[in-house]
Amino acid sequence: MSAIHTLVDNHDDVLTNHKESVDSWFLMGGPMPTVTIVVSYLYFVLKFGPQMMASRKPYNLQPLLIAYNFILVLFSLFLSIWPITGGMLAHVFREGCQPTQRAQTELSKTLNSYAWWYLMTKVIELADTLFFVLRKKQQQITFLHVYHHSSLVFFSWCYLKFLPGEQGVVIGFLNSFVHVIMYSYYMVAAMGPKYQKYIWWKKYMTRIQLTQFVIMLVYLVSLVVRDCNLPRILSILMGTNVFFFLCLFLNFYIKTYKSSRSKN
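Once a new chain begins, its residue numbering starts again from 1 and follows that chain's sequence as written. Totals for whole chains, interfaces and linings use every residue, but because this is a predicted model, local features are given only for residues with pLDDT of at least 70 and side-chain atom pairs only at 80 or more, for both listing and counting. Based on all heavy atoms of the structure, the side-chain values leave hydrogens and waters out of the count.

As a reminder of what qualifies: UniProt positions are given in the numbering used here, feature names are shortened, and annotations may be inferred rather than shown by experiment.
Within an unreviewed UniProt entry, the label attached to the protein chain reads Elongation of very long chain fatty acids protein, and the organism entered is Blattella germanica. The protein chain has a UniProt comment under Catalytic activity (unreviewed entry) that states "a very-long-chain acyl-CoA + malonyl-CoA + H(+) = a very-long-chain 3-oxoacyl-CoA + CO2 + CoA".

**A look at the environment of Ser108**
Keep this limit in mind: Strands are runs of DSSP state E lasting at least two residues, helices are runs of H or I lasting at least four, and both sets are numbered from the N terminus onward.
Secondary-structure assignment places Ser108 in helix α6 (residues 101-124). Once the C-alpha coordinates of Ser108 and Glu166 are considered, the two residues, 58 residues apart in sequence, prove to be 8.4 Å apart.

**As for the nonpolar core**
Side chains of nonpolar character tend, in soluble globular proteins, to be buried together. How we decide: Here, the term nonpolar core denotes a set of buried Ala, Val, Leu, Ile, Met, Phe, Trp, Tyr and Cys residues that are joined through side-chain atoms within 4.5 Å. Exposed residues in this analysis have more than 50% of their type's maximum accessible area, buried residues have under 20%, and partly exposed residues fall in between, with area computed by a 1.4 Å probe over protein chains only. What makes two residues a contact is simply this: any of their non-hydrogen atoms within 4.5 Å.
Formed by 57 residues in total, the largest nonpolar core has its most connected members in Phe213, Tyr219 and Leu220. Broken down by element, this core gets its largest block of residues, 9 residues, from helix α11 (residues 232-263). In contact with Phe213, not counting residues within four places along its chain, are Val242, Phe245, Leu246 and Phe249. If you look at the next biggest cluster of nonpolar residues, it comprises 12 residues, including Tyr68, Ala127, Phe131 and Tyr183.

**Some remarks on the packing of aromatic side chains**
Threshold: Classification of ring pairs uses Phe, Tyr and Trp, with its six-membered ring standing for Trp, and accepts pairs whose centres are within 6.5 Å; under 30 degrees between planes counts as stacked, over 60 as edge-to-face, and the remaining range as tilted.
Enumeration according to the criterion identifies 21 aromatic pairs in this entry. Centre to centre, the rings of Tyr147 and Phe244 are 5.1 Å apart; their planes meet at 80 degrees, and the pair counts as edge-to-face. With Tyr147 in helix α8 (residues 143-162) and Phe244 in helix α11, this pair connects stretches of sequence that are 97 residues apart. Grouping aromatic residues by their ring pairs yields a cluster made of Tyr68, Phe131, Tyr183, Tyr185, Tyr186 and Trp201.

**A closer look at the confidence of the model for the protein chain**
Selection criterion: Confidence scores per residue from the predictor, reported as pLDDT, run from 0 to 100.
On average, residues of the protein chain carry a pLDDT of 90, and 90% of them reach 70 or more. A low-confidence stretch, residues 1-11 (pLDDT under 50), is modelled with 17 contacts involving residues beyond four sequence positions or located in other chains.

**Quick look at unusual backbone geometry**
Although it is not a glycine, Lys136 sits at a positive phi angle of roughly 55 degrees. Examined against the element boundaries, Lys136 turns out to sit in the loop between α7 (127-134) and α8. Of note in this structure, Asp227 is not a glycine but carries a positive phi near 55 degrees. Counting through the fold element by element, Asp227 comes out in the loop between α10 (202-225) and α11.

**Notes on the side chain of Asp128**
The criterion, for reference: Charged residues are defined here as Lys and Arg on the positive side and Asp and Glu on the negative side; His and the ends of the chain fall outside this count. In the sections that follow, a salt bridge refers to a side-chain nitrogen of Lys or Arg positioned within 4 Å of a carboxyl oxygen of Asp or Glu.
Of note, Asp128 is situated in helix α7. For Asp128, which is buried and forms no salt bridge, the nearest opposite charge comes from Lys122, at a distance of 8.6 Å. Setting aside residues no more than four positions away along its own chain, Asp128 makes contact with Tyr68, Leu72, His145, His149 and Tyr183.

**Details of the state of the cysteines**
Worth spelling out the cut-off: Here, the term disulfide refers to a pair of cysteine sulfur atoms separated by no more than 2.5 Å.
All told, the structure shown has 1 disulfide when counted by the stated rule. The disulfide bridge from Cys97 ends at Cys228, spanning 1.8 Å between sulfur atoms. Where Cys97 bonds to Cys228 through sulfur, the torsion about that S-S bond is close to -110 degrees, and the disulfide is left-handed. Here Cys97 is found in the loop between α5 (88-95) and α6, whereas its partner Cys228 is found in the loop between α10 and α11, with 131 residues between them in sequence. For the pair shown, Cys97 and Cys228 are each scored as buried.

**Quick word on α10**
To be explicit about the condition: By this rule, a helix spans an expected 1.5 Å times one less than how many residues it contains.
The first and last C-alpha atoms of α10 sit 36 Å apart over 24 residues, in line with the 34 Å expected at 1.5 Å per residue. For α10, the set of buried residues is Met205, Thr206, Gln209, Leu210, Gln212, Phe213, Met216, Leu217, Tyr219, Leu220 and Leu223. Two residues or fewer past α10, Asp227 is found with a positive phi of approximately 55 degrees.

**Topic: the UniProt feature "transmembrane region" (unreviewed entry) in the protein chain**
With numbering aligned to this structure, UniProt lists the feature "transmembrane region" (unreviewed entry) at residues 25-44, 65-84, 115-134, 146-163, 169-188, 208-226 and 232-254. In residues 65-84, the share of helix is 100% and the share of strand is 0%. The end C-alpha atoms are 29 Å apart. As annotated, residues 169-188 comprises 100% helix and 0% strand, and the C-alpha atoms at either end are separated by 29 Å.

Set out below in C-alpha cells:
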C-alpha cells in the first residue's frame, strides 16, 4: 500500500477512511473472492463450458435472456441517473481540476457506494458469456468479449479497493449510459425475429461504444496534461485500459462492417 500512497499524493486521509469503510462490504475484504470469480468465469467459458456443450443441443434461454437484459437495463439506468440526481457529476465539475481535501472527503462515501454497485453490475454481466456458451454461440466468445468482461470486474474491484478517485464518476456514468442502450438492444433482439425491425440500428452500437471510449480518453488525458489534483496514476491506468479497449473495438468495427461492405 505504501507505493500507492506515494503515487496519490494528498489523498492519504481519504484513502485511510475509504479503506475502513469498504473492507467489510461484499467481495471487498480481500482479492480472493473476486479472483476466484474471474478465474472460474475464464475456465468455464474457455474450457469446461464448450466441452460440456459439445455433445448437447443449445439451450433455449429466451425468457431468461429477456428478463436478464431488462434487469441490466434498469441497473444501467440507475447507475447513469445516480451521478446526476445524487449530485456527484455536479460535484466533480464544480470542483474542477483542483478539488479541495474537504471536497474529496465529502464525495468519497457516495463514490464508494456508487463504485460498489458498479462492480456488482460488472459481476452480473459475466453471465453474457455464460449464455453464449449454453446457447452454443462460440463465435461470439472473442478475445475482445472475454477480456472486456473479465478485466472490468478485476479493474473495478482494484479501483474501489485501492485507488478511488473522482474520475470514476465520469467513467462510470458514461459506461452505464451506453449500457442502457446496449442492453436495450439485446433485450429486443432476444424477443425473436418479429422484433428485428426495431433494432435496425445495430451497426451504430459499436459507433456509440467507440465514441464513449474517445470521450473517456480525452477526459483522462486532459487530467494528466493539466496536472490535476486527482490520483494521477489512476488517470494513467484508466487511460491505458480505455485506449486498449478503443483499439480492440475499432478493430472489431473495421473487420465487421468495413470488410463486409467492401465484399458487397
